[in-house]
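Coordinate inspection notes
So the chains spell out like this:
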Amino acid sequence: MTEGEHATNKHWVNEKSACAQKKSYKSFDLERKYNIRWHNIKIDNIKFNYCIVTV
């Protein structure tokens, strides 16, 4: 979830993750690149970071 432009090909470092309780995660491709931009706000004096990603 790093800020900036991201490529269309997505894959898991290990497609069968031990922490995923043996669920299989397949690689996939998106139709276009996308950008992540993080925003910082304060709500009731609590710092909050968020991003909205349109894919």
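Before any of the text, the structure's been laid out above.
Residues numbered from 1 in each chain as written. Predicted model: local features only at pLDDT ≥ 70, side-chain atom pairs only at ≥ 80, totals over all residues. Heavy atoms only, no water.

Topic: the pairing of strand E5 (residues 39-43)
We count it as follows: If DSSP finds at least two bridges between two strands, the strands pair. Labels follow the DSSP assignment, with helices taken as runs of H or I lasting at least four residues and strands as runs of E lasting at least two, numbered in each case from the N terminus.
Relative to strand E6 (residues 46-50), E5 runs antiparallel, the two being bridged by five bridges. Looking across to E6, one finds that Lys-42 is bridged to Lys-47.

Quick word on unusual backbone geometry
The phi torsion at Asp-44 lies on the positive side, around 50 degrees, for a residue other than glycine. Residue position: Asp-44 is located in the loop between E5 and E6. Here Asn-45, not a glycine, exhibits a phi torsion of approximately 65 degrees, which is positive.

Quick notes on the side chain of Lys-10
Stated formally: The buried label goes to any residue with under 20% of its type's maximum accessible area, the exposed label to any with over 50%, and the partly exposed label to all in between, with areas taken from a 1.4 Å probe on protein chains only. This count recognises Lys and Arg as positive and Asp and Glu as negative, with His and chain-terminal groups excluded. We count a salt bridge whenever a side-chain nitrogen from Lys or Arg sits within 4 Å of a carboxyl oxygen from Asp or Glu. Residues adjacent in sequence count toward polar contacts only when both atoms are side-chain atoms; beyond that, a polar contact is any pair of N or O atoms within 3.5 Å, and within protein one must be able to donate a hydrogen and the other to accept it. Residues count as neighbours in contact if any of their non-hydrogen atoms are within 4.5 Å of one another.
Tracing the backbone shows Lys-10 in strand E2 (residues 9-10). For the buried Lys-10, no salt bridge exists, and the shortest N-O distance to an oppositely charged side chain is 8.7 Å, to Asp-29. Engagement of the side chain of Lys-10 in a polar contact is seen with the backbone oxygen of Ala-7, the distance being 3.2 Å. When neighbours within four sequence positions are excluded, Lys-10 is seen to be in contact with Ser-27, Phe-28, Asp-29, Leu-30 and Tyr-34.

Some thoughts on the environment of Thr-8
One can find Thr-8 in the loop between strand E1 (4-6) and E2. Here Thr-8 falls in the partly exposed class, since its relative accessible area comes to 27%. Ignoring any residue separated from it by four or fewer positions in sequence, one finds Thr-8 in contact with Phe-28, Asp-29, Leu-30, Glu-31, Arg-32 and Lys-33.

With respect to the pattern of salt bridges
Considering all chains together, one arrives at one salt bridge under this definition. With its nearest N and O atoms 3.6 Å apart, the salt bridge here joins Lys-33 to Glu-5. Of this pair, Lys-33 sits in the loop between strand E3 (28-29) and strand E4 (34-36) while Glu-5 sits in strand E1, placing them 28 residues apart in sequence. Judged on exposure class, the residue Lys-33 and its partner Glu-5 are both exposed.

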